[in-house]
Amino acid sequence: MRKYLLAAGVAAAALTLATAASAETVRFWYHFDNPDNPMTSLVEKFEAANPGITIEAENVPWNSYYDNLYTAIVGGDAPDAAMVKLFAQPRLLEMGALEPIDDMIASWDGKDDLLDGILKINAGPDGKQYYLPVQYVVLYLYYRTDMFDELGLTPPTTCEEFRDAAIKLTRDTTGDGQVDTYGFGFRGGKGGHDHWLTLTLPQVEGGLDGGNLTADGAVAANQWTVDLFQKDKVFPPSAPNDGFQEIIGGFKQGLTGMTIHHIGSSNGMVEALGDKVSAVPVPACGPNGEAWTSYGDESLAVFSSAEDKDAAWKWISFLAEGENNVLFNKATGQLTVTKSGSADWDLHEKRFVDATVNSLPFAAVLPSSPATSDFVNVVWPTSMQRALTGDITAAEMMQEIQDLYGSE
Amino acid sequence: MTRRRKGGATLPYWLLSPAVVVTLFIVFVPMAEAVFLSLHDYLIWKPTSFAFVGLKNFITALGDEVFWISAWHTLIWIGLTVPAQMLLGLVTALLLNRTFPWRGLARALVIIPWALPSVITALMWRWIYDANNGVLNDILVRIGVLQSAFPWLADPDSALLSIVLTLTWQGFPFFAVMILAGLQAIPSSHYEAADIDGATTWQQFRHVTLPGIAGVLVTAGLLRLIWVANSIDVIFVMTGGGPGYATYTLPLYAFIEARTSLNFGYGSALAVMFTIILGAFIVFYLRRAGRSLEA
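Residues numbered from 1 in each chain as written. Chains lettered and ligands numbered in written order. Predicted model: local features only at pLDDT ≥ 70, side-chain atom pairs only at ≥ 80, totals over all residues.

(A) Summary view of the overall build of chain B. Helix and strand counts for chain B stand at 13 helices and two strands. On C-alpha atoms alone, chain B measures out to a radius of gyration of 24 Å, which is more than a quarter above the 19 Å that the 2.2 N^0.38 rule sets for 295 residues. Taking the principal axes of its C-alpha atoms as reference, chain B extends roughly 85 × 75 × 35 Å. Here chain B holds 295 residues, and the buried ones make up 32% of them. Contacts in chain B between residues at least 24 apart in sequence constitute 68% of all its contacts with a sequence separation of at least 6. (Helix = DSSP H or I, 4+ residues; strand = E, 2+ residues; numbered from the N terminus. Rg over C-alpha atoms; globule rule 2.2 N^0.38 Å. Buried ≥ 20, exposed ≤ 12 C-beta atoms within 10 Å, placed from the backbone. Contact = placed C-beta atoms within 7 Å.)

Here it is, written out as structure tokens:
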């Protein structure tokens, strides 16, 4: 009996070792809001085509995605590949966590199918390629066509028109003396920097890291934004804490007449509002008609700690190819990065695709600096909330952001 | 015989050693690590710039506005939450100690807030307080207390107090159950004797009930004080510390510095400072409570 057990144990150990040697495992992190996501079918398709590779795909909640990623890297437990955004690239590079993929892209069949120029936008600060784009969006202005029609308004093209429309939209519709509808759903919580940048940045010479955030024009632009809440009262009172759920929910319910988001939420908007919702590029707020909107990127990267980088590359390049990429974007509701996928794109209504395409000429990304992660995650949300609630002035808020970028 | 004695003498240590080793590794090693990190500049995304800086992080904290804001909030947080939980728990326990129909069911139901996971409690209350769809605003507007919906968690003046109320609701059953156990340990003969002596209900409460549950109050109060002081989950889920720094407490500040800003050196220094302050407070509390118990 003893001999039998020993033999069985040795056999089991040998089998485990053999399996480990023959199948490479790629640990992949991603974040999808949609729980009904197609990752399982993509993994099955990939594994069928690549029998030696097993994919362990883990959906990590967005709110703590980067906190988890950075600590996993430092703790030596980084995934082999992951979904990543441009703002994190400088910090990930500083950590030595990214693997350059120029050679792999050069010999990859799918590279010619990528949209023109998209690799360049995602290039690293040192000119090397670490990110392989997988989807993109551009932020635009949603507006309620029914409310605009009722008030005889046209979608705003400048910040003055925007303020004017927001003031008119903010009103008591039931006659009880209380405001029922607000002009604009402002995202004052984490992730709302894109709203603020659209309204403020065009007035800042040199951009966020240009050292001019405390110039008179820049402070005045921020004061103007803060006044929209404090004086004009065109944001809902909950705006300082509002996040994605609140701005989208408020817009769908008719609490707000405008908000800023991207095509990823358009299908849900149409489902809730039908043709009562449309979109245009964000208003131009610069002194000479300059506009700024956020190019919302999402890429894939191979980590330098990956044991089998070729297997990780095979998996991420698989996700960026033609129909796989279309399937991937069906789940996220964003736009494909491939020419073949774009050719017969039918996942979104045309008016939202048009608003996206028309916004591309002035869409930009945040500065490629390690400070940007702190700006997005800590400094902007805290200082914006403090400015909105009157804890600090608009000038003090600009000083805090200036100090952050100045310290790098 | 001698050998057997020797073996017998070391056996208890061998039996205890697994627990001691585990405790050393999961409690004392991280504690020592936190103290070690607090003496260094350590941004975890800059792994190459790890440098010993002595007490610099502690001195920085003393000059840091956010540290003092957080310290003040921590004081309010503990000072309001623990007494409120204790008072509500005491009232509940006194009610549950009376005889009434369905008492068993009431005793079971009262434990629900305590049994719910903190994240569920926080999410539930976030929706209750919601400015646009929240039930609290709806009720207050309907009964005419408020003219219009109030953003409880988005207003810096009400955000912390709103979370204090949530935590009071969550934690009072713990006191209720502990105090109820204490109440049932008081012999009924004490009340009968007091009754014969002509003591009023208040006098019975003051001179029989309170001394009878004093030990429970001190112990439960101490446990809750430590738990509430360190509790960040409900605040983190409800406001994330915002708006601005309106709901920052010291442990939350340490957490955000380490986890979100990735500044492990400064975050550890904040945590170490808070541990020292809390430790000193607990020693003071135990001495005071011990003295009053003896008296």
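Additional details are given in the paragraphs that follow.
(B) Here's a closer look at the UniProt feature "domain: ABC transmembrane type-1" (unreviewed entry) in chain B. In this structure's numbering, the residues bearing the UniProt feature "domain: ABC transmembrane type-1" (unreviewed entry) are residues 71-287 of chain B. When the span residues 71-287 of chain B is considered, its composition is 75% helix and 0% strand, and the gap between its end C-alpha atoms is 23 Å. (UniProt positions renumbered as here; feature names shortened; annotations may be inferred.)

(C) Spatial organisation of the domain arrangement of chain B. Segmentation of chain B into domains returns domain 1 (1-31) and domain 2 (39-294). Domain 1 of chain B and domain 2 of chain B are separated by 36 Å when their C-alpha centres are compared. (Domains from an automatic or database assignment.)

(D) Broad picture of the sheet that holds strand β6 (residues 182-185) of chain A. Residue and element names in this part refer to chain A. Reading across from one edge, β6-β7-β5-β8 is the order of the four strands in this open sheet, with mixed pairing throughout. Two strands bound the open sheet, and with one partner strand each, they are β6 and β8 (277-280). Adjacent strand axes in the sheet meet at a mean angle of 25° when their direction is disregarded. In this structure, strand β5 (residues 140-144) lies alongside strand β7 (residues 256-261), joined through four bridges in antiparallel fashion. The partner of Tyr143 across the bridge, within β7, is Met258. (Pairing = 2+ DSSP bridges. Axes fitted to C-alpha atoms, helices over the stretch in contact; angles between N-to-C directions.)

(E) Spotlight on the interface of chain B and chain A. Opposite the 21 residues of chain B that make contact, chain A presents 27 residues. Looking at the side of chain B that touches chain A residue by residue, the class counts come to eleven nonpolar, eight polar and two charged. (Nonpolar A, V, L, I, M, F, W, Y, C, P; charged D, E, K, R; others polar.)

(F) Broad picture of helix α6 (residues 118-129) of chain B. Residue and element names in this part refer to chain B. Over its twelve residues, α6 runs 16 Å from end to end, which matches the ideal 16 Å to within 8%, given 1.5 Å per residue. Residues of α6 that are buried include every one of Thr121, Ala122, Trp125, Arg126 and Tyr129, and no others. Down the axis, α6 shows its buried residues gathered within 130° of arc, on one side only. Those residues of α6 that are exposed and angled more than 90 degrees off the buried face are Val119, Ile120 and Trp127. Packed against the buried residues of α6 are α7 (135-142), α8 (159-184) and α11 (233-238). (Expected span 1.5 Å × (residues − 1). Arc of directions from axis to C-beta.)

(G) Just the domain arrangement of chain A, in detail. All names here are of chain A. Considered domain by domain, chain A is made up of domain 1 (25-138 + 296-357) and domain 2 (140-294 + 364-406). Distance between the C-alpha centres of domain 1 and domain 2: 29 Å. Listed by partner, the interface residues are 24 residues for domain 1 and 21 residues for domain 2. Mapped by element, the contributors of at least two residues to the side of domain 1 that touches domain 2 are α4 (89-94), β4 (131-138), β9 (293-302) and α16 (350-359).

(H) Spatial organisation of the pairing of strand β3 (residues 81-84) of chain A. All names here are of chain A. Burial along β3 is two-sided: Ala81 and Met83 facing one way and Ala82 and Val84 facing the other are all buried. The pairing of strand β1 (residues 24-30) with β3 spans two bridges and is parallel. Residue Phe28 lies in a different strand from β3, and its bridge partner there is Ala81.

(I) Up close: the nonpolar core. Ranked by internal contacts, the top residues of the largest apolar core, which has 168 residues, are Ala81, Ala301, Trp315 and Ile316 of chain A together with Leu270 of chain B. The element contributing the most residues to this core is α8 of chain B, with eleven residues. (Core = buried A, V, L, I, M, F, W, Y, C linked by C-beta atoms within 7 Å.)

(J) Local environment of the UniProt feature "transmembrane region" (unreviewed entry) in chain B. Residues and elements named next belong to chain B. Feature annotation in UniProt places "transmembrane region" (unreviewed entry) on residues 12-32, 75-96, 108-128, 160-185, 205-227, 234-256 and 268-286, given in this structure's numbering. Along residues 12-32 one finds 100% helix and 0% strand; the C-alpha atoms at either end are 27 Å apart. Helix makes up 81% of residues 108-128 and strand 0%, whereas the separation of the span's terminal C-alpha atoms amounts to 24 Å.

(K) Here's a closer look at the environment of Leu250 of chain B. Residue and element names in this part refer to chain B. Residue placement: Leu250 occurs in helix α12 (residues 250-259). Residue Leu250 is classed as buried on the basis of its C-beta count, with 28 C-beta atoms lying within 10 Å. The spacing of Leu250 and Gly267 is 17 residues in sequence and 9.9 Å in space, taken between C-alpha atoms. Beyond its immediate stretch of four places on either side in the chain, Leu250 contacts Ser70, Ala71, Thr74, Leu270 and Phe274.

(L) Unusual backbone geometry, seen in detail. A cis amide bond, omega 0°, links Gly242 of chain B with the succeeding residue Pro243 of chain B. Looking at where Pro243 of chain B falls in the secondary structure, it is placed in the loop between α11 and α12. In this structure, Lys233 of chain A takes a positive phi of about 55° despite not being glycine. Secondary-structure assignment places Lys233 of chain A in the loop between α10 (216-230) and α11 (244-253). C-beta crowding within 10 Å serves as the criterion here: with 17 such atoms nearby, Lys233 of chain A is assigned to the partly exposed category. If you check the backbone angles, Trp102 of chain B has positive phi at about 65° while not being a glycine. For Trp102 of chain B, the position within the fold is in the loop between α3 (65-96) and α4 (103-109).

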